[in-house]
Amino acid sequence: MNLAAMDPKNYDAQLEEKRIKLEQTFAEFTPPSLEVFASEPANYRMRAEFRVWHDGDDLYYYMFDKALNEKVRCEQYLPAGKLINEVMTALMEELRPNHDLRFKLFQVDFLSTLSGEILVSLLYHRQLNDEWRAQAEQMKQRLSAKFNVNFIGRARKQKIDLDKDFVVETLTVDGNELKYKQIENSFTQPNAKVSVKMLEWAISATKDSTGDLLELYCGNGNFTIALAPNFDRVLATELAKPSVDAAQYNIAINNIENLQIIRMSAEDFSDAMAKKRTYRRLEGIDLDSYDCNTIFVDPPRAGIDDDTLSLMQNYDRILYISCNPETLKENLATLSRTHEITRFALFDQFPYTHHMESGVLLERKINA
């Protein structure tokens, strides 16, 4: 992390650099004009992790600055949401004088929401006992007078939830409120306001859809929930059990009735669709009954395997969200043989870094 680069005065310039780089990277595919979705220049992250440094009676958060090659004390953190910054200060005032809570503490993780809920995980190099729980409960009671806060204590092979290990985010997307269960240590989009822009862009890109939707790598159902009204039915896959559990919760809380999630990898699902193998997890599911002409993918940084790329080419429309332009470009080398880019977007999830989140809508070429 280069903390010195985080200056809101430089935000527009760094976003322009990303726009130019992304356009140059994908110029060979002759995409349409790039749609650029900016972030707030400060207080945009809903997640943050800090190491903790012990210096006698003093105790403070720090991050490692690669540019300076040294640790930097963090009383506040510009990218983190205002709620995280407020709780950072209040929490440290609680921890410094309390031996049971600070002893062997080495990291603090924050997971917050736009709707005002925050989860704090305290990580230790020691086993946590009843006295720790008692002190943590008292701290929670004091801080709850001001914040909607909950705590988790973690140590080697040990996890203590004082109440629950998740928050529920509420996002207003195209005028509709969508709720999402977000579990500690599970993937969520870190920049909630940009996430809303991503959801609205995806809804817009699929608004004239017919038939059903197939989604791979659905996570906690972030896009799935938002896109479901644009289709007759949605079939989605996700491998991670905590994410599948959260997705089922989100389906219920948002009253989505046309969506089914299967716990399996994209690679295995591709094999099932190609009739290469049969899977118990697909028993009772009639894959042939789905009329999917649109597929949506939001894969990990490694991109998409060859078999899944082949599967994707069977669909008239491909909506692809990517957190890695390099692997997206590699995948487009295959997909562009049968499809062309008709929408192209940059979502600035990670200001002041080189990371770029992008989106493409591909539609089948007339003669493909």
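Reading the values: the criteria
- Residues numbered from 1 in each chain as written.
- Predicted model: local features only at pLDDT ≥ 70, side-chain atom pairs only at ≥ 80, totals over all residues.
- Heavy atoms only, no water.
- Helix = DSSP H or I, 4+ residues; strand = E, 2+ residues; numbered from the N terminus.
- Rg over C-alpha atoms; globule rule 2.2 N^0.38 Å.
- Buried < 20%, exposed > 50% of the residue type's maximum accessible area, 1.4 Å probe, protein only.
- Contact = heavy atoms within 4.5 Å.
- Areas by Shrake-Rupley, 256 points an atom, 1.4 Å probe, with all protein chains shown as cover.
- Phe/Tyr/Trp six-rings, centres within 6.5 Å; stacked < 30°, edge-to-face > 60°.
- Lys NZ or Arg CZ within 6 Å of the ring centre and 35° of its normal.
- Pairing = 2+ DSSP bridges.
- Core = buried A, V, L, I, M, F, W, Y, C linked by side-chain atoms within 4.5 Å.
- Axes fitted to C-alpha atoms, helices over the stretch in contact; angles between N-to-C directions.
- Arc of directions from axis to C-beta.
- Polar contact = N/O pair within 3.5 Å; in protein donor to acceptor, adjacent residues only side chain to side chain.
- UniProt positions renumbered as here; feature names shortened; annotations may be inferred.

Under an unreviewed UniProt entry, the name given to the protein chain is tRNA/tmRNA (uracil-C(5))-methyltransferase, and the organism recorded is Shewanella electrodiphila.

Student: With reference to specific residues and values, describe the overall build of the protein chain.
Tutor: Broken down by element type, the protein chain carries ten helices and 17 strands. Here the C-alpha radius of gyration of the protein chain, 22 Å, is about what a compact globule of 368 residues would show, namely 21 Å. Projecting the C-alpha coordinates of the protein chain onto the three principal axes gives extents of approximately 70 × 50 × 35 Å. Here the protein chain, with 368 residues, has 55% of them falling under the buried criterion. By sequence separation, contacts in the protein chain at least 24 residues apart represent 66% of the contacts at least 6 residues apart. Only carbon and sulfur atoms are counted for the fraction: they give 46% of the accessible area of the protein chain, which is about 17,200 Å².

Student: Tell me about the packing of aromatic side chains, and please be specific about residues and values.
Tutor: Geometry of an aromatic ring pair is reported as the spacing of the ring centres plus the angle between the planes. Scanning the model with the defined rule gives 14 aromatic pairs in all. When the centroid spacing of 6.2 Å and the interplanar angle of 65° are considered together, the rings of tyrosine 61 and phenylalanine 110 count as edge-to-face. Taken together, the residues tyrosine 61 in strand β3 (residues 58-65) and phenylalanine 110 in strand β5 (residues 105-112) connect sequence positions 49 residues apart. Grouping residues by exposure puts tyrosine 61 and phenylalanine 110 together as buried. Clustering of aromatic rings is evident, with ring pairs tying together Phe50, Tyr61, Tyr77 and Phe110. Lying across the ring of tryptophan 53, lysine 71 places its NZ or CZ 3.9 Å from the centre. Over the face of the ring belonging to phenylalanine 166 we find lysine 181, whose NZ or CZ atom lies 4.4 Å from the ring centre.

Student: Would you mind going over unusual backbone geometry in detail, with residue names and values included?
Tutor: Located in the positive-phi region is tyrosine 217, a residue other than glycine, with phi close to 60°. Mapped onto the secondary structure, tyrosine 217 falls in the loop between β11 (212-216) and α6 (222-227).

Student: Describe the pairing of β3, and please don't skip the residues or the numbers.
Tutor: Within β3, six of the eight residues are buried, leaving the element largely enclosed by the surrounding structure. Pairing between strand β2 (residues 47-55) and β3: five bridges, direction antiparallel. Each residue of the ladder has a partner; that of tryptophan 53, found in β3, is tyrosine 60. Taking the residues that link successive antiparallel strands as the turn, the β2-β3 hairpin has two residues, and the phi of glycine 56 there is positive, at about 65°. Where β3 meets strand β4 (residues 70-73), four bridges bridge the pair, whose relative direction is antiparallel. Bridging from a neighbouring strand, methionine 63 pairs with valine 72 of β4. Between β3 and β4, which pair antiparallel one after the other, the connecting turn spans four residues, and asparagine 69 there sits at a positive phi close to 55°.

Student: Explain the nonpolar core to me, and be specific about the residues and the numbers.
Tutor: Formed by 78 residues in total, the largest nonpolar core has its most connected members in Leu91, Phe110, Val120 and Leu122. The biggest single contributor to this core is helix α2 (residues 82-95), with eight residues. Ranked by size, the runner-up nonpolar core spans 37 residues in total, among them Leu199, Leu227, Ala228 and Phe347.

Student: Let's hear about the environment of asparagine 185: which residues, and what values?
Tutor: Topologically, asparagine 185 is positioned in the loop between β10 (176-183) and α5 (192-205). For the pair asparagine 185 and threonine 113, spaced 72 residues apart in sequence, the C-alpha to C-alpha distance is 15 Å.

Student: Describe the sheet that holds strand β7 (residues 148-155), with residues and values.
Tutor: Each strand in a sheet pairs with another by means of backbone hydrogen bonds, the pair being arranged parallel or else antiparallel. The sheet built from seven strands is open, its strands ordered β4-β3-β2-β5-β6-β7-β8 with mixed pairing. Two strands close off the open sheet at either side, each with one partner strand: β4 and β8 (158-161). Pairwise comparison of adjacent strand axes, ignoring direction, gives a mean angle of 30° for this sheet. Sheet analysis places β5 next to strand β6 (residues 117-124), joined by seven bridges and oriented antiparallel. If you follow serine 112 over to β6, its bridge partner there is isoleucine 118. Across the sheet, α2 is in contact with β2, β3, β5, β6 and β7; its angle to β5 comes to roughly 145°.

Student: Tell me what's going on with helix α10 (residues 325-335), and back it up with residues and numbers.
Tutor: Within α10, the full set of buried residues consists of Pro325, Thr327, Leu328, Asn331, Leu332, Thr334 and Leu335. The buried residues of α10 occupy one face: seen down the axis, they fall within an arc of 165°. Among the exposed residues of α10, those oriented more than 90 degrees off its buried face are Glu326 and Glu330. Summarising the contacts, the buried residues of α10 are in contact with α1 (11-25), α9 (306-312), β15 (317-322), β16 (339-347) and β17 (357-364). Regarding α10, its N-cap is asparagine 324, as a side-chain oxygen of that residue lies 3.0 Å from the backbone nitrogen of glutamate 326 further along.

Student: Tell me about the UniProt feature "active site" (unreviewed entry) in the protein chain, and name the residues and values.
Tutor: Residues given the UniProt feature "active site" (unreviewed entry) here are Cys323 and Glu357. Spanning 35 residues, the named residues form one tight spatial group whose C-alpha atoms are at most 4.5 Å apart. As for its position among the elements, cysteine 323 is in the loop between β15 and α10. Sequence-distant contacts of cysteine 323, that is, excluding residues within four places in its chain, are made with Pro299, Pro300, Arg301, Met356 and Glu357. Looking at the element boundaries, glutamate 357 is found in strand β17. Every residue in contact with glutamate 357, bar those within four places of it in the chain, is listed here: Gln189, Met198, Asp298, Ile321, Ser322, Cys323, Ala345, Leu346, Phe347, Gln349 and Phe350.

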